[in-house]
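Results of the structural survey
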Amino acid sequence: MAESRSSLSRALSILESFSEDRPEQTLRAIVSATGLPPATAHRYLAELVKWGGLDRTGRGTYTVGRRLWQLGALAPRERQLRDVALPVLEDLFETTHEVVHLVVLDDLRALYIEKLEPRARAGASVSSQVGYRLPLHATGPGKVLLAFGDSKTREEILAGELPRMASQTITDPHTLQRALAEIRSTGFAISRNEMTEGNASAAAPVFDKSGRVVAAISVVVPAANPNLSALAQGVRVAAAVITRTLRA
């Protein structure tokens, strides 16, 4: 039994070595992060690839496999939220032909649980991927979750470091506090060149039966788009439809 637990711990240490900063790793990097002997790490990596928890790229590196996302998607709350939101997100995507996101709060980060995107898109690439966790203060959905979420989370973010991600990232806590107050007033967030240079977004909150914010949706467009206010109203309406469905 002890050996079984030890084996599980070693496999988990490999999975835990992956992060937003390290989504793709070499065997050497994994050995360095986990402290496992190279031969042991290689053996566990082979098993994880066979199971589908990791994928091996043509470059000889490793990335997180789809099997882990499929398991995570079985979490009841996220599954229900995604099932309810997806038809509305698809309508929003068909209307805008731009990147559409569904985002939830996860350990003081914005966790992207759905992303719809066109096959070809003009402008800057979008840094998000399903399963990515991005900074709350630098993303439109993240600011929405902060604005409408609990005060403890806001205070923790405002008291911490606000790293610059792009030219217009809000890095001053007082400026961020004012921005969050405006989001609560208008019911939506508009961001431009905050997470990724060359991109802008409009985001709005989704609430549950108790009035608690459970998610945010957003549409990402090129930063030069002159109609962000109109886009934001459309996103707000879509979020309200998801909210009504959840409450029903």
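In what follows, the accompanying structure is described. For every chain, the first residue of its written sequence is number 1, and the numbers climb from 1 along that sequence. For a predicted model such as this one, the threshold for reporting local features is a pLDDT of at least 70, and the threshold for listing and counting side-chain atom pairs is 80 or more; totals across whole chains, interfaces and linings nevertheless cover every residue. Side-chain descriptors were evaluated using all non-hydrogen atoms of the structure, hydrogens and water having been removed beforehand.

The number of helices and strands found in the protein is nine helices and nine strands. Here the radius of gyration uses the C-alpha set of atoms, whereas the globule reference equals 2.2 Å times the residue count to the power 0.38. The C-alpha atoms of the protein give 20 Å as radius of gyration, which agrees with the globular expectation for 248 residues (18 Å, within 12%). Along the first, second and third principal axes, the C-alpha atoms of the protein reach 55 × 40 × 40 Å. For the protein, the proportion of its 248 residues judged to be buried stands at 45%. Sequence-distant contacts, at least 24 apart, represent 57% of the contacts inside the protein between residues at least 6 apart. As displayed, the protein offers around 13,100 Å² of accessible surface, 52% of which is attributable to carbon and sulfur atoms. Think of it this way: Lys and Arg go in the positive column, Asp and Glu in the negative one, and His and the chain ends go nowhere. Note that the charge is assigned to NZ on lysines, CZ on arginines, CG on aspartates and CD on glutamates. For the protein, the centre of its 30 positive side-chain charges and the centre of its 26 negative side-chain charges are spaced 2 Å apart. In this text, helices come from DSSP runs of H or I with a minimum length of four residues, and strands from runs of E with a minimum of two, each type numbered from the N-terminal end. Burial classes follow relative accessibility: with a 1.4 Å probe on protein chains only, a residue under 20% of its type's maximum area counts as buried, one over 50% as exposed, and anything between as partly exposed. Should any heavy atoms of two residues lie within 4.5 Å, those residues are considered in contact. Residue-level accessible areas treat just the shown protein chains as cover; the underlying method is Shrake-Rupley with a 1.4 Å probe.

So, on to the pattern of salt bridges. Put simply, a salt bridge is a Lys or Arg side-chain nitrogen that is within 4 Å of an Asp or Glu carboxyl oxygen. Evaluation of the coordinates by the stated rule reveals seven salt bridges. Among the ionic pairs, Glu 24 bridges to Arg 59, the shortest N-O distance being 2.6 Å. Taken together, the residues span a long stretch of sequence, with Glu 24 in strand β1 (residues 24-25) and Arg 59 in the loop between β2 (54-56) and β3 (62-64) at a distance of 35 residues. Residue class for Arg 59 comes out exposed when judged on its relative accessible area of 61%. In this structure, the salt-bridge partner of Asp 106 is Arg 133, at a minimum N-O distance of 2.9 Å. Linking Asp 106 in strand β4 (residues 99-106) with Arg 133 in strand β6 (residues 133-135), this pair joins segments that are 27 residues apart in sequence. Look at Asp 106 and you get partly exposed, because its relative accessible area is 30%. A network of salt bridges, in which partner residues are shared, links Asp 106, Asp 107 and Arg 133.

Our focus in this paragraph is the packing of helix α7 (residues 151-159) against helix α8 (residues 173-186). The geometry of α7 relative to α8 is characterised by a closest axis approach of 9 Å and an angle of 150° between their N-to-C directions. Overall, the two elements α7 and α8 adopt an arrangement that is roughly antiparallel. You can see that α7 and α8 cross each other, and the crossing is right-handed. Note on element contacts: α8 touches α7 through Pro 173, Leu 176, Gln 177, Leu 180 and Arg 184, opposite Arg 154, Ile 157 and Leu 158. In the contact of α7 with α8, the residues fall into five nonpolar, one polar and two charged. Only C-alpha atoms enter the line fits that serve as axes; for helices the fit covers just the stretch in contact. Angles between N-to-C directions range over 0 to 180 degrees. Reported orientations rely on four angle classes, namely roughly parallel under 35 degrees, roughly antiparallel over 145, roughly perpendicular from 65 to 115, and oblique for the rest. Two helices crossing with the near one rotated counterclockwise from the far one by less than a right angle form a left-handed crossing, whereas a clockwise rotation gives a right-handed crossing. Amino acid classes used here: Ala, Val, Leu, Ile, Met, Phe, Trp, Tyr, Cys and Pro are nonpolar; Asp, Glu, Lys and Arg are charged; the rest, including Gly, are polar.

Taken in spatial order, the six strands make up an open sheet running β6-β5-β4-β9-β8-β7, and their pairing is antiparallel. In this open sheet, the two edge strands, each paired with only one partner strand, are β6 and β7 (189-192). Neighbouring strand axes in the sheet, compared pairwise and without regard to direction, differ in orientation by 35° on average. When DSSP locates at least two bridges between a pair of strands, those strands are taken to pair. As paired elements, β7 and strand β8 (residues 199-207) share four bridges and run antiparallel to each other. Bridging from a neighbouring strand, Ile 190 pairs with Ala 202 of β8.

Once that is clear, we can look at the environment of Leu 146. As for its position among the elements, Leu 146 is in helix α6 (residues 140-148). In this structure, Leu 146 is in contact with Leu 136, His 137, Thr 153, Arg 154, Ile 157 and Leu 180, ignoring residues within four places of it in sequence.

With that out of the way, let us pick up the sheet that holds β1. Read from one edge to the other, the open sheet built from three strands follows the order β1-β3-β2, with strand pairing classed as antiparallel. Only two strands of the sheet have a single neighbouring strand rather than two, namely β1 and β2. Of the strand pairs in this sheet, β2 and β3 are connected by three bridges, and their pairing is antiparallel. Within β3, the position partnered with Leu 54 by the bridge is Val 64. Against the sheet, helix α3 (residues 38-51) touches β2 and β3, its axis set at about 105° to β2.

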